[in-house]
Amino acid sequence: MPKYISCLLCTMFLAIAGNSQDLPTDYLPADFHKERREAVRAKLPPNTAVVLFANAERNRANDVDYVYHQDPNFYYLTGYKEPNAVLVLFSEAQTDADGNTFDELFYVQERNARAEQWTGKRLGVEGAKEKLGFDMVFNGSDFENFPLDFKAFDHVSFVDFHNDYRDKSGSADLFDLIKTFKVKANYPADYNPVRNELYKRIAAVTPENSKEVAETIERYMERYPELQEDDILNDFIGANNEGIRDEVKNKVMVIQRSTNLDSSILPKVMAELRQDKTPEEMKLLKRAIEISAVGQIEVMKAMHPNMSETEIQGVHEYVYKRYGAEYEGYPSIVGGGHNGCILHYIENNKTKVGDDLVLMDLGAEYHGYTADVTRTIPANGKFSPEQKAIYDIVYNAQEAGIAASVVGASFREPHKAALDVVTKGLLDLGIIKDAKDARIYFPHGTSHYLGLDVHDAGTYQAFRPNQVITVEPGIYIPENSDCDEKWWGIAVRIEDDILITENGPINLSGMAPRTTEAIEEVMKQPSPLDSFKLPKLD
Ligand code: GLY
Ligand code: MN
Ligand code: MN
């Protein structure tokens, strides 16, 4: 390389590396991630190696990729926000040839001045040690030659590769790291995690549950047609006595012993950990939720019938950015009238919301943690009698759902409570004649966990303190529904983010008004946007 070019690269490198900027300082601390890795180790079976990859980069079109978003499990355990990395954790300390001990290895993107000029600063090995607190950090290209014998472990635990990932130019990208892992860990070309899981159930089957296991297998075979050709599964469901089932079980146990690969341990461990929020996580999650509630309030003030769904979305998202929330936790949903009946409507392209209700389901993502808040408001500032009648049912259903969100209650309780109220309300208004038809107008569940993912990892067992869930009943009445047409086009969802505590549920998004009266009051208030005029374009 000519000397002047290498000097130029050096200068660029130093400029990027040494650039001191005003960056947020309230990210999760390195100690949090370290402690979470300890918590994973404590839940692993003995002699287990965990291998976890960074998320894939995804192409949008031509040479433009989607904005990169780290895999939430990977972020939770490392704090690393870049692609092309792999974390290896061991249940017990390992000793290398020189007698050094270690219980984790971290492979990251190599620093590269030219790449960093185009796509941003990389932490590199030194940055990962200094900022994220890892001891054993290497460049991704070292993964291949590190003397790691996966055969020596009883379990090699990983999350199977659902994501598309491309072989980009250059070495040690995600494609290469996964390829290396597959070779090192003897990953069979036809590995199928669902089949593996079903084999495990067969291996553990007892005469008491063999019928139930066979039914489960049949259900999975319907859902995953590729399993329908599997001889072992067919033999098991076709067996008409325990003797034959035992033979199949023995065959499966031999197959199981031939691999130590396991893609079920890690998702389960991560769900158990991520569902209970630590104080550090709560700080960020609460911030994301408060920001989203303020967004709802500001939109209530700014709303008028001539606004477009796109503009309404823009006001929410502008508020998020004003507070430093980097992203939205999921594509924003802003649906006027009938559009609100489409549960995950994201086109948001109606040019005028008119006198309809506007359903707004949006969540700021703050340092990785996302809110999920829905308000439904009348664009003209006043609920019509029909809109109010439906709204009040949903409001009462939500109140019942929140009240049911208590320590020890089963995860289904908020939904049962909300569905009861919706069913009674729809019967009273004559919208349905039969209780079972309530599902036509309330077709989704009421609650999910919230955290790094909008539908966060969790076990969906009885509630425990420090879990955060949504309570989000809705009623959606599309055009041509089998009821009086005065109800058509009314769609209402109210969604709040609820912290489970020993002292009962706390509504973290309650700052955004929920009753019809409170919403109408806020909508009367002036908005700074009233005087924000832009030039007319031809
Ligand atoms: N915003 C997606 C949901 O409410 O689950
Ligand atoms: Mn939700
Ligand atoms: Mn939502």
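Because the structure is a prediction, the values reported are computed rather than measured. (Residues numbered from 1 in each chain as written. Chains lettered and ligands numbered in written order. Predicted model: local features only at pLDDT ≥ 70, side-chain atom pairs only at ≥ 80, totals over all residues. Heavy atoms only, no water.)

Peer 1: Any chance you could explain the pairing of strand 10 (residues 333–336) here in plain terms?
Peer 2: Along a regular strand, successive side chains alternate from one face of the sheet to the other. Neither face of strand 10 is open: one carries Ile333 and Gly335, the other Val334 and Gly336, and all of them are buried. Judged from the 4 bridges that link them, strand 10 and strand 11 (residues 357–362) form a sheet pairing that is antiparallel. Residue pairing in the sheet places valine 334 in a bridge with methionine 360 of strand 11. (Buried < 20%, exposed > 50% of the residue type's maximum accessible area, 1.4 Å probe, protein only. Helix = DSSP H or I, 4+ residues; strand = E, 2+ residues; numbered from the N terminus. Pairing = 2+ DSSP bridges.)

Peer 1: Before we go on, may I ask you to explain the packing of helix 12 (residues 279–302) against helix 13 (residues 309–322) in this structure?
Peer 2: At a minimum axis distance of 8 Å, the contact between helix 12 and helix 13 shows a crossing angle of 140°. Considering the angle they form, helix 12 stands oblique to helix 13. Note that helix 12 runs across helix 13; the crossing there is right-handed. Residues Ile291, Ser292, Val294, Gly295, Gln296, Glu298 and Val299 of helix 12 lie in contact with helix 13, whose contacting residues are Ile312, Val315, His316, Val319 and Tyr320. (Axes fitted to C-alpha atoms, helices over the stretch in contact; angles between N-to-C directions. Parallel < 35°, antiparallel > 145°, perpendicular 65-115°, else oblique. Left-handed = near helix turned anticlockwise from the far one by under 90°. Contact = heavy atoms within 4.5 Å.)

Peer 1: Which parts of the structure should I look at to understand the coordination of the manganese ion (ligand 2)?
Peer 2: Geometry reference: four tetrahedral donors at a metal, ideal angle 109.5 degrees. Six octahedral donors, ideal angles 90 or 180 degrees. Each protein donor to the manganese ion (ligand 2) is listed here as Asp372 (OD), His448 (NE2), Glu472 (OE) and Glu495 (OE); together their distances run 2.0 to 2.2 Å. Note that the manganese ion (ligand 2) binds 6 donor atoms; their angles at the metal cover 51 to 156°, and the shape is irregular. Counting gaps between the donor residues of the manganese ion (ligand 2) yields the pattern D-x75-H-x23-E-x22-E. In this structure, the manganese ion (ligand 2) lies 3.3 Å away from the manganese ion (ligand 3), the two metals sharing aspartate 372 as a donor. Of this pair, aspartate 372 sits in the loop between strand 13 (369–370) and strand 14 (373–378) while glutamate 495 is found in the loop between strand 17 (490–493) and strand 18 (496–499), placing the two residues 123 residues apart along the sequence. Judged by its relative accessible area of 3%, aspartate 372 falls in the buried class. (Donors = N, O, S within 2.8 Å, 3.2 Å for Na, K, Ca; no water. Tetrahedral: all angles 85-135°; square planar, octahedral: opposite > 155°, others 65-115°.)

Peer 1: What is the right way to look at the coordination of the manganese ion (ligand 3) in this model?
Peer 2: In this structure, Asp361 (OD), Asp361 (OD), Asp372 (OD) and Glu495 (OE) serve as the protein donors to the manganese ion (ligand 3), at separations of 2.1 to 2.3 Å. Seen from the manganese ion (ligand 3), its 6 donor atoms lie at angles of 58 to 171°, and the figure they make is irregular. All donor residues of the manganese ion (ligand 3) come from one chain, and their arrangement in sequence is D-x10-D-x122-E.

Peer 1: What exactly am I supposed to notice about the environment of alanine 97 here?
Peer 2: For alanine 97, the position within the fold is in the loop between strand 4 (86–95) and strand 5 (101–108). Sequence separation of alanine 97 and alanine 438 is 341 residues, and the distance between their C-alpha atoms is 66 Å.

Peer 1: Where do I start with the packing of aromatic side chains in this structure?
Peer 2: The relation between two aromatic rings is expressed through the spacing of the ring centres and the mutual angle of the planes. In the structure shown here, the tally under the stated rule is 27 aromatic pairs. Ring plane angle 90° and centroid distance 5.5 Å describe the contact between phenylalanine 32 and tyrosine 76, whose orientation is recorded as edge-to-face. Placement of phenylalanine 32 in helix 2 (residues 30–43) and of tyrosine 76 in helix 3 (residues 72–78) is noted, with a sequence separation of 44 residues between them. For the ring pair tyrosine 80 and phenylalanine 106, a centre distance of 5.4 Å and an interplane angle of 80° mean the geometry is edge-to-face. Pair noted here: tyrosine 80 is in the loop between helix 3 and strand 4 and phenylalanine 106 is in strand 5, with a separation of 26 residues, a long-range link. For tyrosine 80, a relative accessible area of 0% translates into the label buried. Taken together, Phe53, Phe150, Phe158, Phe161, Phe181, Tyr187 and Tyr191 form an aromatic cluster joined through their ring pairs. The positively charged end of lysine 81 is found above the aromatic ring belonging to tyrosine 27, 3.8 Å away from the centroid. Sitting above the plane of the phenylalanine 143 ring, lysine 184 keeps its charged end 5.8 Å from the centroid. (Phe/Tyr/Trp six-rings, centres within 6.5 Å; stacked < 30°, edge-to-face > 60°. Lys NZ or Arg CZ within 6 Å of the ring centre and 35° of its normal.)

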